[in-house]
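Survey of secondary and tertiary structure
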Amino acid sequence: MPETRTPRRRRGPAALAAVLAVTLVSTACSGAGGGSSSDGTAITVLMVGNPQMEDLAKVTADNFTKDTGIEVRFTILPENELRDRVTQDVATQGGQYDVATIGAYEAPIWAQNDWLHELSSYADADTAYDKGDLLEPMVASLSGTDGKLYAAPFYGESSFLMYNKELFAAEGLTMPERPTWQQVAEFAERLDDDAAGVSGICLRGLPGWGELFAPLTTVVNTFGGTWFEQDWTPKVNAPEFTEATKFYVDLLREHGQPGAPQSGFTECLNTFGQGKAAMWYDATSAAGTLEDPNASTVAGKVGYAYAPVDKTESSGWLWAWALAMPKTTKNADAAWKFISWATGKEYEKLVGSSLGWSRVPAGKRQSTYEIAEYRQSAEAFADITLKSIQEADPVSPGVQPRPALGVQFVGIPEFADLGTKVSQEVSAAIAGQTTVEEALADGQRLAEEAASNHR
């Protein structure tokens, strides 16, 4: 096996463009809180800096604002920064934002804390919105215990394995529709090519419960591990959790991308999109960008397979990036107008016709998969994305009963801190600064503290 690479950070044109887009949009923001503009009401919107959200910022002024007179002031941040900012503002009821991007992890917890406006009454009264068209897994993941919707899905996703068909063909390799992780490791070893600057695989190594541990927890699940047993017994240093983590860390150290400990979703999107990795296991939502020839050098060359498995039949995660309305907003009606526009049927048609059908924020509405132009553009990945979402099981994602909902996370307030701290230790193991055993021993102690609140 090749020598472990020295971690280094690598950014290419796509990543730099994303950073620039965030900077420009954020600079355009003019302070916090709602206010008045010459056109009418102004609302403030906090979003994660993923391509689909950046597209939303691009088309809002010429469409939503033009039609409604409502000015939208965006703040767009990288994922980890977004999580810190939105949690700080909403939890303290700071009132800085009228609309905020949250995910399937936060929505039910924050609804229970009474931090969010429920959206069901707005959606039910808005006949054009067609709430019934939303995919049921997305609705369920964004609802509270009262059955009401507390965030509207902007796009939904599961996870799958993306691979460069040209590199596979050159080596005479065939990717199964449902590969095992052992097969993936063997492919990575065959396709790793230092001389050509191509890694066998790209995986997240950036610390963060929603970064590194999004893919890694699905590996833990399918290897037979779990964060907690049903009675809240922590299992972070158990043999199955350790085996899965060692597999992931070794795969990255031996055949992963340079700078792996600093690589999150955006960095891997950039690396794989430049043809610098043979495979990438990550979010199904990445496919739209990869198939856009203006953003990717591998457009038309990517194959898609279901999330790799070991002991389970499937292992894809379930996630929605969604738009929520904090209880502190003073512009609730204007905020709903923006949310309903951005998550509605017509928005997807707008993106498709103006920016390209592969860039539609899919995975949330059944009607999306009935649009002929979208199906043609997304032919390579639309069906596998939809089926992966439908197969994801947040109730029972592994081999044993779980005490809380979640595939790639544990649906308790303590998990954000727990997952992030353990991810920092595992990222250090990827960098060669500690061992997996030491990282998970520390994680077990932290998990014991979290579990004490639920016994």
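Before going into details, it helps to say that this report is about the structure given with it. These figures come from a predicted structure and were not determined experimentally. (Residues numbered from 1 in each chain as written. Predicted model: local features only at pLDDT ≥ 70, side-chain atom pairs only at ≥ 80, totals over all residues. Heavy atoms only, no water.)

Using the criterion set out here, one finds one disulfide in the structure. Here Cys202 pairs with Cys268 through a disulfide, and the sulfurs are 2.5 Å apart. Measuring handedness by torsion sign, the sulfur bridge of Cys202 and Cys268 sits at about -90 degrees and is left-handed. Remark: Cys268 occurs in helix α11 (residues 265-273) and Cys202 occurs in the loop between α8 (181-191) and α9 (213-222); sequence separation between them is 66 residues. As far as burial versus exposure is concerned, Cys202 and Cys268 are alike and both buried. (Disulfide = S-S within 2.5 Å. Helix = DSSP H or I, 4+ residues; strand = E, 2+ residues; numbered from the N terminus. Buried < 20%, exposed > 50% of the residue type's maximum accessible area, 1.4 Å probe, protein only.)

What the three strands build is an open sheet, ordered β7-β6-β8; its pairing is antiparallel. The two strands at the open ends of the sheet, each matched to only one other strand, are β7 (279-283) and β8 (302-306). Across the sheet, the axes of successive neighbouring strands diverge by a mean angle of 30 degrees, strand direction being ignored. Here strand β6 (residues 159-164) pairs with β8 via five bridges, running antiparallel. The partner of Tyr163 across the bridge, within β8, is Gly303. Sitting on the sheet, α11 touches β6, β7 and β8, and the angle it makes with β7 is about 145 degrees. Against the sheet, helix α16 (residues 382-391) makes contact with β6 and β8, and its axis sits at roughly 20 degrees relative to β8, the strand it touches most. (Pairing = 2+ DSSP bridges. Axes fitted to C-alpha atoms, helices over the stretch in contact; angles between N-to-C directions. Contact = heavy atoms within 4.5 Å.)

With that out of the way, let us pick up unusual backbone geometry. In this structure, Asp130 takes a positive phi of about 60 degrees despite not being glycine. Along the chain, Asp130 turns up in the loop between α5 (120-125) and α6 (136-141). For Trp232, which is not a glycine, the phi torsion comes out positive at approximately 75 degrees. Assignment of secondary structure puts Trp232 in the loop between α9 and α10 (239-255).

That's the geometry; what it means functionally is another story.
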